[in-house]
Each structure stands twice: as structure tokens, then as C-alpha cells.
Amino acid sequence: MKKFLAMILALVMSLSLVACGGSKTEQKPAEEKPAQTEQPAAPTEPAAPAELTADDIEDNMTSADGKYQVAFITDVGQLKDKSFNQGTYDGVKLYAYQNGLSYKYYQPANGDQATDDDRYDAMKAAVEGGAEVVVCAGFMQGGALERAAKEFTDTKFVFIDGWSLGLDNVTGIAFKEEQCGYFAGYAVVKEGFTKLGFSGGGGGTNDACCRYGYGFVQGANAAAAEMGVNVAMNYSWQYGASFSASPELQAMASGWYESGTEVIFACGGSMFQSIAAAASANDGYVVGVDVDQSSESDTVITSAMKGLSDAAQWACTKAFDGSWSEIGGQAVSLGAAEGSTGIPTETWCLENYSVEEYEAQFADVVSGKLVIDADFNNLEQDYSNLTLNII
């Protein structure tokens, strides 16, 4: 995924609100990288040195004056979840480090059972700790964020996976997850998998996960139609309300694999751990989410990715370079046209579907030739080549 380019104002809109495993043949990594579509006349954000990655930067730093200028409030789950939290905080760290700013993360009390009061307390602690910008991850932050933003009007808030709150000191950033879900569903069927699963987080109330899932279904059906094959998919929100790993989730995934499911889209943070464990025990495969999760398990066939790190860096840039007015009080929705949705190519392991084919499909989405439906209320429909089993 290329570095995120600064957003053209025309993209700003109100929202309503949300590594490599084997396939059926031996896998070989490919070295190709995807063609990137540049936005004309768009200024770029400050770039990190080529050798610098988020892993090179400490999660915890000590500020000389005890103040931390850029703060991150985690979503449910752990900071190092190799997914949503970690991907977003990577952007916060990179921006702060590159620009000589102090940074700190805050985890709301009570973990997966955190309340709006717990999230507000974390935001309040960040502001009192010197935060000029607070990046909040996850749609569950909405209520607490609105309260904090109204109280701390001199602080800028970035709402990742969020929407417009109508407050000048808040920007909401969402993604077109239906696109990367589509890319992943299309890819695994082209690779030869016909028995799929989707296990989503948020209990079906998280718009981002709903878009991921609906896109996955559409992509799988499209590939199956092109190939003249039929695909079956188990589809469930069970055991994912908290986005956490659990014995119950692992048992469900194991049951699916034992009954013939070949690959499951693990769409929900730490849920990945349970599904990858089930896949490993049953010679199954996994589609990762949010970031390239290929390094986390050799069961991962591909990942549906969105530009969490780049989006965080872009918004922080706006907060500190004097251009916050371009996004404050607004919401943006980022997709392939901005390089913010896709599947990874640097760790490509698919043999029956090539990077070049994916790049062509990506270009079709960017140009508008291929339009993917984002309205997940249309999920329960008749598909030409896919049987959907909603559990």
C-alpha cells in the first residue's frame, strides 16, 4: 500500500454511519509491487526515511517535559493486535517521530467492557497530558468523543472509522471497506477456493465490518461467475461482538473447517487469533483484515487492507500544518482512488491469480469502471454463483 497522499477537498463529504499461507498448490512469493495511481496536483505528507518503519519506533516514549503532544486512544482489544489498533498507532508514531513531537497511547479502563465514561476518561487524560491532537480508533468512540470534543475545544480530534460530529475540532475518517473485501473475495475464488467463511466483529453493528463482509461476498460471486463455478459461504457475527479471541469463536471456526470450509475471512481485530488457530489445526486458510497479517500465521492467504497508518499521518499533518480547516467538522471516505484499500502484493503468494490481474482490477475500481456496492443492507439477496449461509 503506497504512502497516503493528502486528500483533495472534493473528497470531503459527510458520512451517516462504521502473511502468507498456502493455497491448493505450493506457494511462491512474488516480488512485483502494485502500480500506484497518483492524485494530480495533490501535496504529499512528510515522508519517513526509507529505512524507517513503525516497528523501529518505541511504543512508549518519555517526554522531557512530561507532556505528550499527539495521543492515541485505543479501540477494544490490545494495542499490539496486529490489526486495527496497531495499524492506526503506527501512523501516530511515525508522524510524531518524523516531526519531533512527543506521543503517547491511552487504553480505556475495563478493556473489552469499556464504557463511554471509560473512553472519555482516557481522552480527558490525554488532553490534560498535553495532547494537541487526539486520534481515536473505532466507531465505539463516538459518544465519548463528542463529549470530550465539546469540552476541550482547543484540542483537535481524529475519529478513525468514524463520521462527522458537526464539530470544528473533529474530523471523521472512514474507508470503503467493500472495495478491499471485494478484492480479497475475488482473489481467493480465482485461486481455486470455493468453500468460504466470513466471521465478523462488532456483532453486525459495525458498519466497517459490514462493508468488509458485503464486499467479500460480492467479489467471491463475481469471480465464481467468471469461472463458471459455484461457491458456498458461511457468514456469521457470532462471538465477535467484542472483536476478541475466544474459545467459542475458535470452536465455531474449527467446526466450519471440519465441515469443508477452506478459507475464512477473519474480520475483527483479535478475532484473528482464534480463527488462525482453528485454521492451523485443520489445514485451513485465513484472510486477514485491516493490515497485511501474513507475518502472523502461515495460514494467511491474503489480507483485506485499508490505509490506517497513512490516514492517521495525513490527519495529523492537517492538524499541525495550519490546514485543519480543510477537514475540521467534516468527514472523508477513502478508497482505492486514494491508495487506501487493497490487498498486499509484497507478500503475494497466490499462484492462480496474478499481481498483474489484481492491478488491472484495482485500476478499474479507481477509474469507476468497476463499482462495488457499499450498501450492506443488500447482503441478503440472490447471487448468481454463490450460496450464502447466514448463521
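From a predicted model like this one, the values you see are computed outputs, not experimental measurements.

1. Things to note about the pairing of strand β9 (residues 285–290)
- Burial of β9 is extensive: six of the six residues sit out of reach of the surface.
- Relative to β9, strand β8 (residues 263–267) runs parallel, the two being bridged by three bridges. In the sheet register, F265 faces β9, and the bridge partner there is V287.
- The handedness of the β8 to β9 crossover, carried by helix α7 (residues 271–281), is right-handed.
- Strand direction decides the pairing type here: β9 and strand β10 (residues 300–306), joined by five bridges, are parallel. If you follow V289 over to β10, its bridge partner there is A304.

2. Comments concerning the packing of aromatic side chains
- Scanning the entire structure with this criterion turns up 19 aromatic pairs.
- The interplanar angle of 10 degrees and the centroid separation of 6.3 Å between the aromatic rings of Y182 and Y186 together place this pair among those described as stacked. With Y182 and Y186 both in helix α4 (residues 177–191) and four residues apart, the pair spans about one turn of that helix. Across the pair, Y186 and Y182 agree in class, each one buried.
- Taking 6.0 Å as the distance between ring centres and 65 degrees as the angle between the ring planes, the aromatic pair formed by Y358 and F362 counts as edge-to-face.

3. What to know about the confidence of the model for the protein chain
- Here the protein chain shows a mean pLDDT of 88. Residues at 70 or above account for 87%.
- Counting interchain partners and residues more than four positions distant, the pLDDT-below-50 stretch residues 1–49 has 137 contacts.

4. Section: the packing of α4 against helix α5 (residues 207–227)
- Here α4 crosses α5 at 35 degrees, and the two axes come no closer than 6 Å. Crossing angle aside, the handedness with which α4 passes α5 is right-handed.

5. A word on the pattern of salt bridges
- Inspection of the entire model under this criterion finds 11 salt bridges.
- Across the pair R147 and D117 runs a salt bridge whose closest N-O atoms are separated by 3.2 Å. Within this pair, whereas R147 is found in helix α3 (residues 142–151), its partner D117 is found in helix α2 (residues 116–128), the two being separated by 30 residues in sequence.
- For R147, a relative accessible area of 42% corresponds to the partly exposed category.
- Sharing partners across several salt bridges, the network here consists of D161, E177, R211 and K306.

Procedures and definitions
Residue positions are counted from 1 within each chain, in the order its sequence is given. pLDDT decides what is reported in this predicted model: residues at 70 or higher carry local features, side-chain atom pairs at 80 or more are listed and counted, and totals for whole chains, interfaces and linings draw on all residues regardless. The side-chain values count all of the structure's non-hydrogen atoms but skip hydrogen atoms and water molecules. Here's how the labels work: a residue is buried when its accessible area is under 20% of the maximum for its type, exposed when over 50%, partly exposed in between, all with a 1.4 Å probe on protein chains only. Only DSSP runs of H or I with at least four residues qualify as helices, and only runs of E with at least two residues qualify as strands; both kinds are numbered from the N terminus onward. Two strands are said to pair when DSSP picks up at least two bridges between them. The path from the first strand over the helix to the second decides the hand: if it runs clockwise while the strands point away from the viewer, the crossover is right-handed. Planes of paired rings set the category: under 30 degrees apart is stacked, over 60 is edge-to-face and the rest tilted, where pairs are Phe, Tyr or Trp rings (Trp by its six-membered ring) whose centres lie within 6.5 Å. Each residue gets a pLDDT score, which is the predictor's confidence in that residue and runs from 0 to 100. Here, two residues are considered to be in contact whenever any of their heavy atoms come within 4.5 Å of each other. Axis lines are fitted through C-alpha atoms, for helices just across the contact stretch, and the angle between N-to-C directions can take any value from 0 to 180 degrees. Throughout, a crossing is termed right-handed when the near helix is turned clockwise from the far one, and left-handed when it is turned anticlockwise from it by less than a right angle. By definition here, a salt bridge exists when the distance from a side-chain nitrogen of Lys or Arg to a carboxyl oxygen of Asp or Glu is within 4 Å.

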